[in-house]
Amino acid sequence: MKATDADERAMRAALVVAKRALDSGDVPVGALVLDASGAVIASGFNERELTGDPTAHAEIVALRRAAQETGNWNLSGHTLVVTLEPCVMCAGAILSSRISRVVFGAWDDKAGAVGSALDVLRNPALPIRVEEVVAGVLAEETAGLLTDFFAAKR
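An account of the accompanying structure is given in this report.

Here is what the cut-offs are and how they apply
Residues numbered from 1 in each chain as written. Predicted model: local features only at pLDDT ≥ 70, side-chain atom pairs only at ≥ 80, totals over all residues. Heavy atoms only, no water. Pairing = 2+ DSSP bridges. Helix = DSSP H or I, 4+ residues; strand = E, 2+ residues; numbered from the N terminus. Axes fitted to C-alpha atoms, helices over the stretch in contact; angles between N-to-C directions. Contact = heavy atoms within 4.5 Å. 1 Å grid on protein atoms, 1.4 Å probe; cavity = no way out; pocket = protein on both sides within 12 Å on 5 of 7 lines; lining within 4 Å. Points joined across faces, edges and corners; volume = space filled by probe spheres on them. Parallel < 35°, antiparallel > 145°, perpendicular 65-115°, else oblique. Nonpolar A, V, L, I, M, F, W, Y, C, P; charged D, E, K, R; others polar. Salt bridge = Lys/Arg side-chain N within 4 Å of Asp/Glu carboxyl O. Buried < 20%, exposed > 50% of the residue type's maximum accessible area, 1.4 Å probe, protein only. Phe/Tyr/Trp six-rings, centres within 6.5 Å; stacked < 30°, edge-to-face > 60°. Expected span 1.5 Å × (residues − 1). Arc of directions from axis to C-beta.

What follows covers the sheet that holds strand β4 (residues 101-106). Paired through backbone hydrogen bonds, the strands of a sheet run either parallel or antiparallel to each other. Overall, mixed pairing links the five strands, which are arranged β2-β1-β3-β4-β5 in an open sheet. Of all the strands in the sheet, just β2 (40-45) and β5 (132-134) have a single pairing partner and so form its edges. Direction aside, neighbouring strands of the sheet carry axes that sit 15 degrees apart on average. With four bridges connecting them, strand β1 (residues 30-34) and strand β3 (residues 79-84) associate as antiparallel partners. Each residue of the ladder has a partner; that of Leu32, found in β3, is Val81. Across the face of the sheet, helix α1 (residues 5-19) comes into contact with β1, β2, β3, β4 and β5 while running at roughly 135 degrees to β1.

Taken as a whole, the largest pocket encloses approximately 510 Å³ of empty space. Together, 22 residues line the largest pocket, and Val27, Leu84, Asp108, Leu146 and Phe150 are the ones closest to its centre. Counting residues per element, the lining of the largest pocket draws most heavily on helix α5 (residues 139-153), which supplies five residues. The calculated volume of the second largest pocket comes to roughly 200 Å³.

Turning next to the packing of α1 against α5. Packing of α1 against α5 leaves a shortest axis separation of 11 Å and a crossing angle of 5 degrees. Overall, the two elements α1 and α5 adopt an arrangement that is roughly parallel. For the pair α1 and α5, the contacting residues are Met11, Arg12, Leu15, Ala18 and Lys19 in the first and Glu141, Thr142 and Leu145 in the second. For the contact of α1 with α5, the class distribution of residues is four nonpolar, one polar and three charged.

Following the criterion strictly, the structure yields seven salt bridges and no others. Measuring nitrogen to oxygen at the nearest pair gives 2.9 Å for the salt bridge that ties Arg101 to Asp7. Of this pair, Arg101 sits in strand β4 while Asp7 sits in helix α1, placing them 94 residues apart in sequence. Exposure remark for Asp7: the relative accessible area of 4% places this residue in the buried category. For Arg64, the salt bridge is made with Asp53, and the minimal N-O distance between the two is 3.8 Å. Of this pair, Arg64 sits in helix α3 (residues 58-70) while Asp53 sits in the loop between α2 (48-51) and α3; the two residues are eleven residues apart in sequence, bridging distant segments of the chain. The partly exposed category is assigned to Arg64, whose relative accessible area is 43%.

The full count for this structure, using the stated rule, is two aromatic pairs. Centroid distance Phe104 to Trp107: 5.0 Å. Interplanar angle 85 degrees. Geometry classified as edge-to-face. Owing to a relative accessible area of 43%, Trp107 belongs among the partly exposed residues under this scheme.

Between its first and last C-alpha atoms α5 spans 21 Å; for 15 residues at 1.5 Å apiece the expected length is 21 Å, and the two agree. When α5 is considered as a whole, its buried residues turn out to be Thr142, Leu145, Leu146 and Phe149. Angular distribution of buried residues about the axis of α5 spans 85 degrees; they occupy a single face of the element. For α5, exposure combined with an orientation more than 90 degrees from the buried face picks out Glu140, Thr147 and Asp148. Where α5 is buried, its residues contact α1, β3 and β4.

Laid out in structure tokens, this is it:
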């Protein structure tokens with residue numbers, strides 16, 4: 001699928017959220033959950049360093065907050081926007097939450113589970129699949145944030 005103007009606006013907002021991870025020294029990844037109207041109902045950034053929780057990826061944090069906000073674990077009809085292609089753990093959480101649509105920025109050739117290393121979200125062997133995936137939205141900007149972060153670490 002091709003990205004819409006709304007997808008690009010949401011990705012820019014996710015980039016702002018991603019930069020909040022830098023304060024705790026974590027990898028700058030940001031995620032938003034949008035309702036059916038496109039309104040942001042939850043956001044999250046990587047909080048592994050901040051919380052000491054290995055599952056505190058941006059997607060998981062945002063999904064947990066969205067479930068709290070809606071009072072329901074079932075987020076069918078919602079969109080997850082994330083600055084980096086989700087990993088296997090996050091792809092599993094996306095499926096479990098019944099998110100309908102995923103929009104991501106940078107590809108993750110090593111650990112991506114939405115088309116790079118694996119494609120968990122659209123695997124026909126699984127009983128649940130995401131209805132729509134839009135990949136590579138603002139890929140240069142989202143990848144650049146990560147490249148700059150890791151270059152500074154070296």
